[in-house]
Amino acid sequence: MTTERIKRVGMFGTGWGTRVSVPAFREAGWEVAGLWSRRPDRATHFAERLEIPYSTGDAQALIDRPEIDAVAIHTPPHMHLDLCRAAFAAGKHVLCDKPFATNIPDAEAMLQAADASALTAMVNYEFRFAPLRQQVERLIADGEIGDVRHVSLDLQTTNPMLEFERPWRLDPAHGGGLLNELGSHAIDRLRQWFGDLAAVSARMASFPEEELDPQFTSEDHISATFDFVNGGVATLSMSWVTDPPLGMRIVIAGSEGTILATSPGSMLSEGEVSLARAGEDRLTRVEPPTDQAEVGAGGAITASARLIEAFAQGIDSGHSPSPNFVDGLQSQIAIEAMRESNRTGRAVRLA
């Protein structure tokens, strides 16, 4: 930490917020000073359990707490815009969860509010800070495989949302579904490694369980092709109805070699990376980062703590490190372009 005093955060949400974000902020050296839930009794329960000194069901009351430097927003996405505006108006820095918003106008308004405030605003794409993902980024940036020509990202897993008692995560109208949940991370991964997206063509399919409420039917499979502004193409295939789950396989082909990354999960927080130069007949495993085991063991908590460290550095230096609200807006634009392509059957160019 580079701070002169401990920073304090107000936490919105008792799902991901209490399971991951509270321990991550503490691991990064912050104090969790308050907790909000739409159900005050739930906020009180988790605050007592996690030794958080203040709890409330009044969002503005938490934002107005004078000791709080920043808020972490882990609510359904339709609440993000109002909470961000209120936080910025009160002079609080913001770490906002993904999915960033439910539509492009809200995402644009969130970015405008952040820019007008001159406060630090980041999006919780925590797995940007997973060591294996950063290792792939360095290999590409260092020119280990030359110019990237094409990328293939294949994820076959089961639906992690079915075990949670938050049905909105299966409702696309409220920011749920495969595209919002895991697809948004895949879009951010592609943008982190290869730059901005230029166009997309996408197809989606649903395979709803009979006992599932029809209003929570969302896409279960996605196939898409992306063009990058800087050249190169990517194909994406994702399913969360593959049982048993087979994990993730990423192939990055360049003018001078190929990278293969594999993972048993969906975020490349564990797994391995291999490399072969053009002309070689086999891949060689790239020595993993020394901190891979640390993040593999802690998973989302440790990756989130690293993002929070960057958040604190942004507050101290007066800027918003990536992933910031610009990245959130770009992801939202890509998500809606994919939905439009699926609906119309045509490729869609991204603004």
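One can find the structure itself at the top, above this paragraph.
Let me begin by describing the structure that accompanies this report. Because the structure is a prediction, the values reported are computed rather than measured.

Counting secondary structure elements, the chain contains ten helices and 15 strands. Sequence-distant contacts in the chain: of pairs separated by 6 or more residues, those separated by 24 or more amount to 67%. Per element, the accessible surface of the chain, about 14,900 Å² overall, is 47% carbon and sulfur. Of the charged side chains in the chain, 31 are positive and 48 negative; the average position of the first set lies 1 Å away from that of the second.

Turning to the sheet that holds strand E13 (residues 272-277), a few remarks are in order. Sheet architecture is open: nine strands sit in the order E14-E13-E12-E11-E7-E10-E9-E8-E15, paired in mixed fashion. Two strands bound the open sheet, and with one partner strand each, they are strand E14 (284-285) and strand E15 (348-349). Two strands pair when backbone bridges link them, and strand E12 (residues 257-263) and E13 are joined in this way by six bridges, in the antiparallel orientation. Bridge pairing in E13 places leucine 260 opposite serine 274. Each of strand E7 (148-156), strand E8 (197-205), strand E9 (221-228), strand E10 (233-239) and strand E11 (247-254) is contacted by helix H7 (residues 178-194), which is oriented at about 155 degrees to E10, the strand it contacts most.

Positionally, alanine 101 belongs in the loop between strand E5 (93-96) and helix H5 (104-117). Along the sequence, alanine 101 and aspartate 220 sit 119 residues apart, while their C-alpha atoms lie 20 Å from each other. Setting aside chain neighbours within four positions, we find alanine 101 in contact with Pro77, Asp106, Ala107, Met110 and Gln332.

Strand pairing in a sheet takes place through backbone hydrogen bonds and is either antiparallel or parallel in direction. Strand order across the open sheet formed by six strands is E3-E2-E1-E4-E5-E6, with parallel pairing between neighbours. One side of each edge strand has no neighbouring strand; the edge strands of this open sheet are strand E3 (55-56) and strand E6 (121-123). Examined bridge by bridge, strand E1 (residues 8-12) and strand E2 (residues 31-36) share five bridges and lie parallel to one another. The residue bridging valine 9 from the neighbouring strand is valine 32, located in E2. Seen against the sheet, helix H9 (residues 300-317) touches strand E4 (70-73), E5 and E6 and runs at an angle of roughly 155 degrees to E5.

It helps to recall that an α-helix has 3.6 residues per turn; residues three or four apart then point in one direction. With 17 residues, H7 extends 22 Å from end C-alpha to end C-alpha; this agrees with the ideal 24 Å at 1.5 Å per step. Bending of H7 peaks at approximately 35 degrees at the position of serine 184. Most of H7 sits inside the fold, with 17 of its 17 residues counted as buried. Of the residues flanking the end of H7, it is glycine 195, one or two places downstream, whose phi is positive at about 90 degrees.

Summed over the entire model, instances satisfying the criterion amount to seven aromatic pairs. Taking the centre distance of 4.9 Å and the plane angle of 75 degrees together, the rings of phenylalanine 100 and phenylalanine 325 count as edge-to-face. In this pair, phenylalanine 100 is assigned in the loop between E5 and H5 and phenylalanine 325 in helix H10 (residues 325-344), connecting sequence segments 225 residues apart. The pair phenylalanine 100 / phenylalanine 325 is uniform in exposure class, with both members buried. Ring geometry for tryptophan 193 versus phenylalanine 194: centroids 5.9 Å apart, planes at 80 degrees, classification edge-to-face.

A few words on H9. Between its first and last C-alpha atoms H9 spans 25 Å; for 18 residues at 1.5 Å apiece the expected length is 26 Å, and the two agree. The buried fraction of H9 is high, at 13 of 18 residues. Looking one or two residues past H9, glycine 318 carries a phi angle of roughly 80 degrees, positive in sign.

Rules and cut-offs
Residues numbered from 1 in each chain as written. Predicted model: local features only at pLDDT ≥ 70, side-chain atom pairs only at ≥ 80, totals over all residues. Heavy atoms only, no water. Helix = DSSP H or I, 4+ residues; strand = E, 2+ residues; numbered from the N terminus. Contact = heavy atoms within 4.5 Å. Areas by Shrake-Rupley, 256 points an atom, 1.4 Å probe, with all protein chains shown as cover. Lys, Arg positive; Asp, Glu negative; His and termini not counted. Charge placed at Lys NZ, Arg CZ, Asp CG, Glu CD. Pairing = 2+ DSSP bridges. Axes fitted to C-alpha atoms, helices over the stretch in contact; angles between N-to-C directions. Expected span 1.5 Å × (residues − 1). Bend = angle between axes of the 7 residues up to and from the residue. Buried < 20%, exposed > 50% of the residue type's maximum accessible area, 1.4 Å probe, protein only. Phe/Tyr/Trp six-rings, centres within 6.5 Å; stacked < 30°, edge-to-face > 60°.

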